[in-house]
Structure formats: structure tokens, C-alpha cells
Amino acid sequence: MTIRTKAHLSVLGANIIFGVNYSMVKFLTSNYIHPWAMNLVRISVSSVLLWLLFFFQKEKSGISKKDVGRFILCAVTGVAINQLLFTKGLSLTTSIHASLLALGTPVFITAIAAWLLSETFTWNKALGLVLATSGAVLLIFTKVTHTPANAKDMLLGDIMVLVNAISYAFYFVWVKPLMNKYSSVHVLRWTFTIGTFFILPFGLRPALDTNWHAFTAQAWMALAMVVVGATFFSYMLNMYSLKILGPGITGTYIYTQPIFASVIGIIFLQEPFGLVQVISALMIGIGVYVVNMRRKPRVVAAE
């Protein structure tokens, strides 16, 4: 097996984990644990694992004073707002809806980068933004004929997941200068550590009120999947792929997440998947594709 094949399998495995994660979070928050309590467990445990990883790497542990503000900003948008709204929103809607709405993140990143970083905003980017946003709006505001019992408020849940995707897009833009200065693991370690303190006020009381004795073996396995698998292990798989394949190829695998999330959601959670979901997925997917289209350079014949 070649290195590139291993890299493709790694990023595919990471996105399968991400796809399964939607159903795992839904299962846990519907039966065992408050969404914000799970956020606290997920981020704090991942922070510990990242610091344990630090002892096996030869790198500096600190950050520059002038970067503290940006690290805090990234912790707020990429960890606190992102995780709190994602988990709470997913507990109110379906895993299929959440995964489809999250697919629009690359489009929001492009729009925010054009706004904050003055990057060129072309016509194809504008068209892609309109398509993806329209698909999200269609998905959110179209009434579902069969609403699962564990989807308590799909409208509010969908909106929270959408805002979570926008918050993560802000994080992605703001974190780029840090990634250029520090290693990605170093950035994630500090972002998660700082983010833990922002999540603590929301998740501490629900975590203390959680009936941990009621957790079955299945529930513990699901929690381990969310905390270790979808947060720590999958990130390491993505890191390996980025080194071998680069960000372009690695990023395209995000399109597979809704497929895995939908299959798991339909089979195990009996979630609805109909024409509206298909049309919305196509609009969002095409929107992301159009945003990332690049014109071929014009070839001028030599005279």
C-alpha cells in the first residue's frame, strides 16, 4: 500500500467518524446527558490528550503575548460558540439536517474571508453563496411531514447549527495567521484549553447533574467515540492526510460526511430523508463547488 493510498484511507476514515459523530451526539443528548455537559467533557478531555501529546513532541509550549487576543477569539468562535450551538442545535433537530447545514461552512469561509481579509469576491463566489444559502433556507423552513420524536424543535435546532457553521467559518479565517506561526497541534492545544474555560460556566452544572450511573456500556462507547474518536483521533488522521495530500484534496472529503450521517441517521434513528433534503443537499453541494471553481488561466498564443 502506497503512502498516498494510506493518506486517502486516513482522511476517509476521519470523515466517516465525523459522519457517525452526528448520530452519536444525537443518541447521547436524547437519552443520557445534557448537550453542554457533553461539550465540557469533550473539550476538557481533548485538551488533556493534546497536552499529553505535547510531552512526546519537541516544541515550545508557550504563545507570544501579541497572539493571546487572537487565541482567545479563536477559542470563542471555534470552540465555545461552535460547540455549544452545534451540540444544542443537534439535540433539537436531526443529524441529517445538521450534517447538511454544516456542509455550507466552506461557503461561509469564502464570504467572511472576502469581508475581513479583503480577498477577491468573484461572481462565481457570489453565485455559490446564493445557492448554498438558498439550500440552507429551504432545508430550515420547509415543514417536515414526519418529525422524529427526538427532534424537539427542528427550526430552532437548524438555526443554531447554521449559526454554529458561521461561527466556525470566522474561526477558520482568524486562525490562519496562527497556523502560519505555530504548529497546528500547538494551536489546537491552546484553543481547546482556553475554550474549556468559556464552556465551563455553561457545562459545569449540567455535568454535575448528569446521572453517570445510568450510562450503559453502549452509552460509554458512544461518549468515547465523540470525545476521543471525533475530536482527537480523527484530527490526527486529518493531519496525516494534509501532510501527504495537501488541503485541496483533503478538504473535498467533507462532501462525504452528510452521506455517512444520513445513512446512520436513517437506519438507527429513523430520521426522515426525502425530496427536500435531496434538493437542499444538491444546492448546498453545488454552491460549495461553484465557490471553489477557479478559472483556467488564459493562454495567449506566441506571436
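Everything that follows concerns the structure shown earlier in this document.
The rules behind these values
- Residues numbered from 1 in each chain as written.
- Predicted model: local features only at pLDDT ≥ 70, side-chain atom pairs only at ≥ 80, totals over all residues.
- Heavy atoms only, no water.
- Helix = DSSP H or I, 4+ residues; strand = E, 2+ residues; numbered from the N terminus.
- Buried < 20%, exposed > 50% of the residue type's maximum accessible area, 1.4 Å probe, protein only.
- Contact = heavy atoms within 4.5 Å.
- Core = buried A, V, L, I, M, F, W, Y, C linked by side-chain atoms within 4.5 Å.
- Patch = residues over 30% accessible without salt bridge, like charges linked within 9 Å, V, L, I, M, F, W, Y side chains within 5 Å.
- Areas by Shrake-Rupley, 256 points an atom, 1.4 Å probe, with all protein chains shown as cover.
- Salt bridge = Lys/Arg side-chain N within 4 Å of Asp/Glu carboxyl O.
- Phe/Tyr/Trp six-rings, centres within 6.5 Å; stacked < 30°, edge-to-face > 60°.
- Lys NZ or Arg CZ within 6 Å of the ring centre and 35° of its normal.

Regarding the overall build of the chain
Okay, so step 1: Scanning the chain from terminus to terminus reveals eleven helices and zero strands.
Okay, so step 2: Reading the chain from its N terminus to its C terminus gives the helix and strand order α-α-α-α-α-α-α-α-α-α-α.
Okay, so step 3: By residue count, 50% of the 303 residues in the chain fall in the buried class.
Okay, so step 4: The contacts of the chain with a sequence gap of at least 6 include a subset with a gap of at least 24, amounting to 90%.

What about helix α4 (residues 95–102)?
Okay, so step 1: Most of α4 is tucked away, with eight of its eight residues classed as buried.
Okay, so step 2: Of the positions making up α4, those classed as buried are Ser95, Ile96, His97, Ala98, Ser99, Leu100, Leu101 and Ala102.

Concerning the side chain of asparagine 39
Okay, so step 1: Checked against the element boundaries, asparagine 39 lands in helix α2 (residues 35–54).
Okay, so step 2: Beyond its immediate sequence surroundings of up to four residues, asparagine 39 is in contact with Gln83, Leu84, Thr87 and Ile199.

Some words on the nonpolar core
Okay, so step 1: Grouped together as the largest cluster of nonpolar side chains are 43 residues, with contacts concentrated most on Tyr22, Leu28, Met38 and Ile199.
Okay, so step 2: Sorting the residues of this core by element identifies α1 (3–31), α2, α3 (68–92), α4, α5 (105–116), α7 (154–181), α8 (184–209) and α9 (217–252) as the ones contributing at least two each.
Okay, so step 3: If you look at the next biggest cluster of nonpolar residues, it comprises nine residues, including Ala75, Tyr171, Val175 and Leu178.

Remarks on a nonpolar patch on the surface
Okay, so step 1: Nonpolar side chains collect at one region of the surface, where Leu138, Leu275, Val278, Ile279, Leu282 and Ile286 lie side by side and expose about 510 Å² of accessible area between them.
Okay, so step 2: The element best represented in the nonpolar patch is helix α11 (residues 275–291), accounting for five residues.
Okay, so step 3: Tracing the backbone through its elements, the reader meets leucine 138 in helix α6 (residues 123–141).

Here's the deal with the packing of aromatic side chains
Okay, so step 1: The full count for this structure, using the stated rule, is eleven aromatic pairs.
Okay, so step 2: Relative to phenylalanine 86, the ring of tyrosine 22 has its centre 5.6 Å away and its plane inclined at 75 degrees; by these criteria the two rings are edge-to-face. On the criterion of sequence distance, the pair formed by tyrosine 22 in helix α1 and phenylalanine 86 in helix α3 is long-range, its members being 64 residues apart.
Okay, so step 3: Plain terms: the ring middles of tyrosine 168 and tyrosine 171 are 5.4 Å apart, the flat faces sit at 40 degrees to each other, and that makes the pair tilted. Placement of both tyrosine 168 and tyrosine 171 in helix α7 is noted, with a separation of three residues, approximately one turn of the helix.
Okay, so step 4: By way of ring pairs, the aromatic residues Phe27, Tyr32, Trp212, Phe215 and Trp220 are connected into one cluster.
Okay, so step 5: Arginine 189 extends its terminal NZ or CZ atom over the ring of tryptophan 51, reaching a point 5.3 Å from the ring centre.

As for the pattern of salt bridges
Okay, so step 1: One pass over the full model with this rule turns up two salt bridges.
Okay, so step 2: Residue aspartate 67 is joined to lysine 181 by a salt bridge in which the shortest nitrogen-to-oxygen separation is 2.8 Å. Residue aspartate 67 is found in the loop between α2 and α3, and its partner lysine 181 is found in helix α7; the two are separated by 114 residues along the sequence.
Okay, so step 3: Assessed through its relative accessible area of 44%, lysine 181 is described here as partly exposed.
Okay, so step 4: Aspartate 209 serves as the salt-bridge partner of arginine 205, at 3.5 Å between the closest nitrogen and oxygen.

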